[in-house]
There are 2 protein chains.
Amino acid sequence: MIYAVIMAGGSGTRFWPESRKRRPKQLLCIAGEKSMIRTTVERILPAIPFERIMVVTGEEHADEIRCQIPELGEGMIIAEPAGRNTAPCIALAAYKLSKIDPEGIMVVLPADHLIKQERAFIENVKTGAEVAADGNYLITFGIVPDRPETGYGYIKLGVPVVKTGSSTVFKVDKFVEKPDRATAEHYVASKSYLWNSGMFVWKVSAIIRAFEAHLPRLSESMENILQALNTSREAEAIDEAYATMEAISIDYAVMEKADNALTLPIDVGWNDVGSWASLSDVWGCDHHGNATRGLVVIVDGKDCIVRSSEKITAIIGVEDLIVVDTPDALLVCHRERTQDVRKLQEVLKNLGYENLL
Amino acid sequence: MIYAVIMAGGSGTRFWPESRKRRPKQLLCIAGEKSMIRTTVERILPAIPFERIMVVTGEEHADEIRCQIPELGEGMIIAEPAGRNTAPCIALAAYKLSKIDPEGIMVVLPADHLIKQERAFIENVKTGAEVAADGNYLITFGIVPDRPETGYGYIKLGVPVVKTGSSTVFKVDKFVEKPDRATAEHYVASKSYLWNSGMFVWKVSAIIRAFEAHLPRLSESMENILQALNTSREAEAIDEAYATMEAISIDYAVMEKADNALTLPIDVGWNDVGSWASLSDVWGCDHHGNATRGLVVIVDGKDCIVRSSEKITAIIGVEDLIVVDTPDALLVCHRERTQDVRKLQEVLKNLGYENLL
């Protein structure tokens, strides 16, 4: 059987002021009518029914997710007492699934990405799941790049390993860090590199074997949790384990070390919605490059991203600006400076405005 | 006796969204704790008491002005049924004063300018009033320019006519239109030009004689109004006269044609507060050139003017921007494009948002 594991642990700093600690990006309707996590769940439904969809999130967001996705099965929202990056999150889901279906397949998906070609995505998920079912592979979905993006990590393709239908699954030659512009241009031109999307598919048994091999301490913590799973001690056991658990990413901890890492190239209109600037692609632009939501009037504006919540926003004679208006905070930020939204939050914290974070 | 006539007919388009049709700039606290018109009235008090201060305004703003300045005497707020520029406004006040004190002196002041050196201003008003009392002069206060401003009209100095104390009053050689940059630089360097401030002092009889000579039709209309003044027919007579009255400025209609126009150079920290951009001077700047009001946090901003009304406004990595947040409208405008705030209002009108104007 195929299961979806949706990682919904994001902390919501990059979409301030729309996102806050209590309302991180995945819970918001930033891209469309529905929240990003609801969209993520509905997108996978043609391949995986509600009862086999699991969400891992911070405990402060579990209730809201239960509200947004009431169709999720009993026990399928796992609350982490603290964010520890992707490896513990995935491990928790994997060990939990190992009790239900140790030879099951798990598709791991971030809750806050967008995919435009949903049907093609589903086909690729099915392909990936088939390949995963046939062996002890750790498969990462690699995005065929359409521009020399410097904000993503890349995957270098190795030799082809499996052909199935029109798809080929490759060995991962190596994972590489976010490149500079020239390197990124080289990557794209070479056609040998994919964007590292953070979406995976593997057998539950395969990823558990990988945790045992590459993260034995994490694996041990999870075994302890496993003893308490589905008992009254479950939450306590998770709390205990997380108290001393190292925060580490699945890429760094497992994928980069594994010799059974494969990648399936996919071209599905993927967008990680990484910052306000990414929304020009998501929302679509007018012929001056302006992307807007809400009541916005622009006189001579160019390449602006404007979200107006409850009032009219008027823009005159500006370029490359992000304007986000919410009832209690307004952000005006240069488009190239979205990384400093975090810096701003530090400033706000130091000024005593924690209620606005 | 000296009277002040405060012109408060501004329509409030340039300070949108803070100013609206119902709340034009002169009624707002844009520059300080008090409204601009209240500030204008209090500034002149050392020279002219409340009972000799007259305000001419649009009838839709008369009640608000009565509220803001309850000390004004009975009948000293004159409501124009429609804005007809400065000549009719001044004529109405002059003819009304001619009934009370035909040989009185009237000091004409816009309601929405700022003056930093109030004591020096009062001294100059007194000087101007003395000179006006001694002859049939039309005296305009000319501002000693401190920069080659292209947004103002200029007055070219003629021969000195009267010396009194440390002041000299000059004949006006000519009024000149807003210059281009090079011309403005030449004007400032020559020391023979002043800014045309739109503030005047003259005898009531002198300006009435000028209206009779240069605007006979306006003068006739005013004579008709005069018959009805202080009777139950007053409002009706004003309505009738204004229905067909030409809109024309005192500069164009009278000052440029008069051969008895004098100018008194003054250097009093004058600011016409002509647009949002002017507020960097009024509010004062931080060492990055940012001028702010309300709760504003700036990370790497330069030369911005930000007014936040009810929430926090955060600025990241931008220059030369005007940001004005109000409860029902937000403006983000390049500092060099404040003239397009009017254009924006046309757009809003065409889109059906007249309620926001």
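Everything quoted here is computed from the prediction, not taken from an experiment.

**Section: the overall build of chain A**
Helices and strands together make up the secondary structure of chain A, namely 11 helices and 17 strands. Against the 2.2 N^0.38 benchmark of 21 Å for 357 residues, chain A shows a C-alpha radius of gyration of 21 Å, consistent with a compact globule. Dimensions of chain A, computed from the C-alpha atoms along their principal axes, are close to 60 × 50 × 35 Å. Within the span of chain A, comprising 357 residues, buried residues form 47% of the whole. When contacts within chain A are restricted to residue pairs at least 6 apart in sequence, those whose partners lie at least 24 apart make up 64%.

**Quick look at the sheet that holds strand β12 (residues 291-293) of chain A**
With mixed pairing, 6 strands are arranged side by side in an open sheet as β12(A)-β14(A)-β16(A)-β17(A)-β15(B)-β13(B). Each edge of the open sheet carries a strand with a single partner, namely β12 of chain A together with β13 (296-299) of chain B. Direction aside, the axes of adjacent strands within the sheet are offset by 10° on average. Inspection of the sheet shows strand β14 (residues 305-308) of chain A paired to strand β16 (residues 321-325) of chain A by 4 bridges, in the parallel sense. Paired with Arg307(A) across the bridge in β16(A) is Val324(A). Contacts from helix α11 (residues 340-350) of chain A reach β17 (329-334) of chain A together with β13 and β15 (312-316) of chain B, with the element oriented near 135° to β13(B).

**A word on the sheet that holds strand β17 (residues 329-334) of chain B**
Strand order in the open sheet formed by 6 strands is β13(A)-β15(A)-β17(B)-β16(B)-β14(B)-β12(B), and the pairing between neighbours is mixed. Looking at which strands have only one partner, the edges of the open sheet turn out to be β13 (296-299) of chain A together with β12 (291-293) of chain B. Pairs of neighbouring strands in the sheet enclose a mean axial angle of 5°, with direction left out of account. The sheet strands contacting helix α11 (residues 340-350) of chain B are β13 and β15 (312-316) of chain A together with β17 of chain B, and the helix crosses β13(A) at an angle near 135°.

**Observations concerning the relation of the copies chain A and chain B**
Between chain A and chain B, which share one sequence, the superposing operator has a rotation angle of 179° and an axial displacement of 0.0 Å; the RMSD is 0.1 Å. Such values leave the two copies arranged in the relation of a two-fold axis. Take the interface residues of chain A: 100% of them recur as interface residues in chain B, which is what a same-surface contact looks like.

**Regarding the domain arrangement of chain A**
Residues and elements named next belong to chain A. We note that the domain assignment places domain 1 (2-271) and domain 2 (276-356) within chain A. Taking the mean C-alpha position of each, domain 1 and domain 2 sit 29 Å from one another. Facing the 9 residues of domain 1 at the interface are 13 residues of domain 2.

**Examining the environment of Gly317(A)**
Mapped onto the fold, Gly317(A) is located in the loop between β15 and β16. Here Gly317(A) is in contact with Asp300(A), Cys333(B), His334(B), Arg337(B) and Asp340(B), once residues within four sequence places are set aside.

**Digging into unusual backbone geometry**
Residue Pro17(A) is reached from Trp16(A) by a cis peptide bond, and omega for that bond is 5°. As for its placement among the helices and strands, Pro17(A) is situated in the loop between β1 (2-8) and α1 (36-44). Non-glycine residue Asn85(B) carries a positive phi angle of around 70°. Considering the arrangement of structural elements, one finds Asn85(B) in the loop between β3 (77-80) and α3 (86-100). With 18 C-beta atoms packed within 10 Å, Asn85(B) lands in the partly exposed category. Non-glycine residue Asp320(B) carries a positive phi angle of around 55°. Relative to the helices and strands, Asp320(B) is located in the loop between β15 and β16 (321-325).

**Points about the packing of helix α7 (residues 216-228) of chain B against helix α8 (residues 234-243) of chain B**
Any two packed helices are characterised by the angle at which their axes cross and by the distance between the axes. Residues and elements named next belong to chain B. Running from N to C, α7 and α8 point in directions that differ by 170°, and their axes come no closer than 8 Å. By the angle between their directions, the pair α7 and α8 is classed as roughly antiparallel. Where α7 approaches α8, its residues Ser 221, Asn 224, Ile 225 and Ala 228 are matched on the opposing element by Glu 234, Ala 237, Ile 238 and Ala 241. The residue inventory of the contact of α7 with α8, partitioned by class, reads 5 nonpolar, 2 polar and 1 charged.

**Observations regarding the interface of chain A and chain B**
With 31 residues of chain A in contact, the opposing surface of chain B contributes 31 residues. Elements supplying a minimum of two residues to the side of chain A that touches chain B: β13, β15, β16, β17 and α11 of chain A. Across the side of chain A that touches chain B, the residue classes break down as 21 nonpolar, 4 polar and 6 charged.

**So, the nonpolar core**
Of all hydrophobic cores here, the largest spans 238 residues; its most connected members are Leu138(A) and Leu138(B). Aside from chain neighbours lying at most four places away, what touches Leu138(A) is Phe200(A), Trp202(A), Ala206(A), Ile207(A), Ala210(A), Val254(A), Met255(A), Ala258(A), Asn260(A), Ala261(A) and Leu262(A).

**Quick look at the packing of α3(B) against α7(B)**
Residue and element names in this part refer to chain B. For the pair α3 and α7, interaxial distance at closest approach is 10 Å and the crossing angle is 45°. Relative to α7, the element α3 is oriented oblique. The way α3 lies across α7 gives a crossing that is right-handed. Of α7, the residues touching α3 (which contributes Ala 87, Pro 88, Ala 91, Leu 92, Tyr 95 and Lys 99) are Leu 218, Met 222, Ile 225 and Leu 226. Looking at the contact of α3 with α7 residue by residue, the class counts come to 9 nonpolar, no polar and 1 charged.

**Some points on the confidence of the model for chain A**
Should the pLDDT be low somewhere, the predicted coordinates at that spot are not to be read in detail. Confidence in the prediction of chain A, expressed as mean pLDDT, is 95, and 100% of residues score 70 or more. Across the whole predicted complex the pTM is 0.89, and at the interface the ipTM reaches 0.87.

The rules behind these values
Residues numbered from 1 in each chain as written. Chains lettered and ligands numbered in written order. Predicted model: local features only at pLDDT ≥ 70, side-chain atom pairs only at ≥ 80, totals over all residues. Helix = DSSP H or I, 4+ residues; strand = E, 2+ residues; numbered from the N terminus. Rg over C-alpha atoms; globule rule 2.2 N^0.38 Å. Buried ≥ 20, exposed ≤ 12 C-beta atoms within 10 Å, placed from the backbone. Contact = placed C-beta atoms within 7 Å. Pairing = 2+ DSSP bridges. Axes fitted to C-alpha atoms, helices over the stretch in contact; angles between N-to-C directions. Least-squares fit on C-alpha atoms with pLDDT ≥ 70 in both. Domains from an automatic or database assignment. Parallel < 35°, antiparallel > 145°, perpendicular 65-115°, else oblique. Nonpolar A, V, L, I, M, F, W, Y, C, P; charged D, E, K, R; others polar. Core = buried A, V, L, I, M, F, W, Y, C linked by C-beta atoms within 7 Å. Left-handed = near helix turned anticlockwise from the far one by under 90°. pLDDT = per-residue confidence, 0-100.

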